[in-house]
Amino acid sequence: MCDVLVIGGNRYFGKRLVDRLIAAGDRVTVLNRGSASPPTGAIHVVADRDDEAALNSALGDRTFDAVVDQVCYTPRQAAIARRVFADGRTRRYVMTSTIEVYEYEDSLVYEDAVVPVREDAVDPRTVPVDLELPWDRAEFRDTHYGEGKRQAEAVFAADADGTESPYTWTSVRVAHVLGGNDDFTGRLDHYATRIRAGAPIAVPTENRPATYIHVEEIADFMLWAVGQDFTGPVNAASHGLLTTEELCAAVAQYIPSGRTVFQNVDVGEISPFSFARSYGMDNSRATELGFTFGHVQEWLPRAIAETLGPDADSGSEKTT
């Protein structure tokens, strides 16, 4: 039995990860601000992860085999966590990161990319960290989401003086997640609503494909990563790329009375899951380390059915 702390884990694949850890016989502690109760069987610790003193006080002298940080969005949060969990408080730290670390100002990683991007395209040991940016402002964090994750990875990878992390550390760079009746993003509903009404779906003139992962698969991946000892970033994505057209075709199969109309735009707001740059991640590192991914085309119909629910064609509200 392992002693695992999950920071966040209140919803979506974080909640599924907690369920999996408990089912595996691990002792699981969920730390959050008290906004939601953890699943039955987990220990609940209430603290604000942005308050270092409160975090230390809430954890007391407890130590953990692994920490899974689902809600680290800024280098300030990473710096606090690095200090709190140093000195033997955990042997492994797993940070949930994002595919968006690969897109940044003046980035050439995805510009006209054909080959899916590998982890070494963004080495956190070389990413500059700026703790003085207004990371405490929600609007700034939202508009600098990829940058916040990138700098958070850099903090865990090495301190400003270049010292190595005090525990085995990995950042899981998660592809776009689909599936589940608790998808809170509303992105698939965006397409369903427009297809149902025959309303225009705004996409870039050069609309590029992306990688995705099912909500259950990323929960499986996180569980697997907790038990491993590899370090550094790792991409988590199902096999295969998916275009907006393919995604909408799958949604349209679930709404036979609808009509799909694309509108190419060069400026202005575009639909979710439509990209002017390719968002393809290479998953070969995780595959070589031993994880087996599914293929996006195999689980896509199930993901759409789960999220849109039985009343998708009628447009009725779902109850979850």
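All values derive from a computational prediction rather than experimental measurement.

Calculation rules
Residues numbered from 1 in each chain as written. Predicted model: local features only at pLDDT ≥ 70, side-chain atom pairs only at ≥ 80, totals over all residues. Heavy atoms only, no water. Salt bridge = Lys/Arg side-chain N within 4 Å of Asp/Glu carboxyl O. Helix = DSSP H or I, 4+ residues; strand = E, 2+ residues; numbered from the N terminus. Buried < 20%, exposed > 50% of the residue type's maximum accessible area, 1.4 Å probe, protein only. Pairing = 2+ DSSP bridges. Polar contact = N/O pair within 3.5 Å; in protein donor to acceptor, adjacent residues only side chain to side chain. Contact = heavy atoms within 4.5 Å. Phe/Tyr/Trp six-rings, centres within 6.5 Å; stacked < 30°, edge-to-face > 60°. Lys NZ or Arg CZ within 6 Å of the ring centre and 35° of its normal.

## What about the pattern of salt bridges?
Where side chains of opposite charge bring their charged atoms close, a pairing between them can arise. According to the stated counting rule, one finds 16 salt bridges in the structure shown. Among the ionic pairs, Arg 16 bridges to Asp 182, the shortest N-O distance being 2.9 Å. In this pair, Arg 16 is assigned in helix H1 (residues 12-23) and Asp 182 in the loop between strand E7 (176-178) and helix H6 (187-197), connecting sequence segments 166 residues apart. Accessibility classification places Arg 16 together with Asp 182 in one group, the buried group. One network of salt bridges, with partners in common, ties together Lys 15, Arg 16, Arg 20, Asp 182, Glu 216 and Asp 220.

## Description of the sheet that holds strand E11 (residues 241-242)
Taken in spatial order, the 3 strands line up as E7-E9-E11 in an open sheet, and their pairing is mixed. On the outer flanks of this sheet lie E7 and E11, each paired with one strand and no other. For E7 and strand E9 (residues 210-214), the ladder comprises 3 bridges, and the chain directions are parallel. Each bridged residue has a counterpart across the sheet, and for His 176 the counterpart in E9 is Tyr 212.

## Details of the side chain of Arg 82
For Arg 82, the position within the fold is in helix H3 (residues 75-84). Taking relative accessible area as the criterion, Arg 82 reaches 6% and is therefore assigned buried. A distance of 3.1 Å separates the side chain of Arg 82 from the backbone oxygen of Val 155, its partner in a polar contact.

## What to know about the side chain of Ser 171
Structurally, Ser 171 is set in strand E6 (residues 168-174). For Ser 171, a relative accessible area of 0% translates into the label buried. At 3.3 Å, the side chain of Ser 171 and the side chain of Glu 153 are in polar contact. In this view, Ser 171 contacts Met 95, Ser 97, Glu 153, Gly 232, Pro 233 and Val 234; residues no more than four positions away in its chain are not counted.

## Digging into the packing of aromatic side chains
In the structure shown here, the tally under the stated rule is 14 aromatic pairs. Measuring from centroid to centroid gives 6.3 Å for Tyr 73 and Tyr 145, while their planes differ by 45°, and the two rings are tilted. Taken together, the positions of Tyr 73 in the loop between strand E4 (66-69) and H3 and Tyr 145 in helix H5 (residues 145-157) put the pair 72 residues apart, joining distant regions of the chain. Relative accessible area serves as the criterion here: at 32%, Tyr 73 is assigned to the partly exposed category. By relative accessible area, which is 29% here, Tyr 145 ends up partly exposed. An aromatic cluster is defined as three or more aromatic residues linked by ring pairs; in this entry it consists of Phe 221, Trp 224, Phe 230, Phe 291 and Phe 293. Looking at Arg 11, its charged tip hangs above the ring of Phe 184, at a distance of 3.7 Å from the centre. Across from the ring centre of Phe 230, 5.0 Å away, lies the NZ or CZ of Arg 92, which sits over that ring.

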